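Close look at the chain arrangement
So you can see what is in the structure, the chains are spelled out below.
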Amino acid sequence: MAKAQGVPSATDADFETTVLGADRPVLVEFTADWCGPCRQLAPVLSQIATEESERIRVVQIDVDANPATTVRYGVLSMPTLMVFRDGEPVKSMVGARPKRRLLQELEDVI
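Keep in mind it's a predicted model, so treat the numbers as computed, not measured. (Residues numbered from 1 in each chain as written. Predicted model: local features only at pLDDT ≥ 70, side-chain atom pairs only at ≥ 80, totals over all residues. Heavy atoms only, no water.)

1. Some points on the pattern of salt bridges
As a working rule, side chains carrying opposite charge can pair if their charged atoms are close by. The final tally for this structure, using the stated rule, is 7 salt bridges. The partner of aspartate 23 in a salt bridge is arginine 24, and the shortest N-O contact between them spans 3.6 Å. A salt bridge links lysine 99 to glutamate 51, with the shortest nitrogen-to-oxygen separation between them at 2.5 Å. Here the residue lysine 99 occupies a position in helix α4 (residues 99-106), and glutamate 51 occupies one in helix α2 (residues 36-51), the gap between them amounting to 48 residues. A cluster of three or more residues bridged by salt bridges with shared partners is formed by Glu52, Arg55 and Glu107. (Salt bridge = Lys/Arg side-chain N within 4 Å of Asp/Glu carboxyl O. Helix = DSSP H or I, 4+ residues; strand = E, 2+ residues; numbered from the N terminus.)

2. A look at the state of the cysteines
In total, this model carries 1 disulfide according to the counting rule given. Here cysteine 35 engages in a disulfide with cysteine 38; their sulfurs sit 2.2 Å apart. Taking the sign of the S-S torsion, about 80 degrees here, the bridge from cysteine 35 to cysteine 38 comes out right-handed. For cysteine 35, a relative accessible area of 2% corresponds to the buried category. (Disulfide = S-S within 2.5 Å. Buried < 20%, exposed > 50% of the residue type's maximum accessible area, 1.4 Å probe, protein only.)

3. As for the nonpolar core
Of all hydrophobic cores here, the largest spans 19 residues; its most connected members are Phe15, Val19, Val28, Phe30, Tyr73, Met78 and Phe84. Elements supplying a minimum of two residues to this core: α1 (15-20), β2 (26-31), β3 (57-62) and β4 (80-85). Not counting the four nearest positions on each side in its chain, valine 28 is found in contact with Phe15, Val19, Val59, Ile61, Thr80, Leu81, Met82 and Phe84. In terms of nonpolar packing, the next biggest core, distinct from the first, is built from 18 residues, Val7, Ile48, Leu81 and Leu106 among them. (Core = buried A, V, L, I, M, F, W, Y, C linked by side-chain atoms within 4.5 Å. Contact = heavy atoms within 4.5 Å.)

4. Overview of the sheet that holds strand β1 (residues 9-10)
Taken together, the 5 strands give an open sheet; going across it, the order is β1-β3-β2-β4-β5, and neighbouring strands pair in mixed fashion. Every other strand in the sheet has two partners, leaving β1 and β5 (88-94) as the edge strands with one partner each. In this sheet, β3 lies alongside β1 in parallel orientation, the contact comprising 2 bridges. When the bridges of β3 are listed, alanine 10 appears paired with isoleucine 61. Across the sheet, α2 is in contact with β2, β3 and β4; its angle to β2 comes to roughly 160 degrees. Its contacts with the sheet place α4 against β2, β4 and β5, and it is angled at close to 150 degrees to β5. (Pairing = 2+ DSSP bridges. Axes fitted to C-alpha atoms, helices over the stretch in contact; angles between N-to-C directions.)

So, to be careful, I would describe these as geometric facts and stop short of saying anything about function.
Encoded structure:
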């Protein structure tokens, strides 16, 4: 998985507690080792995880190692970014993007 520094991983086993039960919105990146755009996005996610930690939690989930969650949310392309709030997906975006644009897109859900 294209690991973003300082960004924890979620799994099929702990997705419910880590993401759905979180006390604030969670940005989940569905990612994979073989995904080039995921590697481009990793530093952006690291920065957002650090700078916006009061408003949003950022986690990554490896689609190859966690097929149940990937299928459950209909994820077909990597990277897919999904924001969950109060246990529900409230926003979905596909593809890497610069930090400024990603923050603008998140503004209405965090």
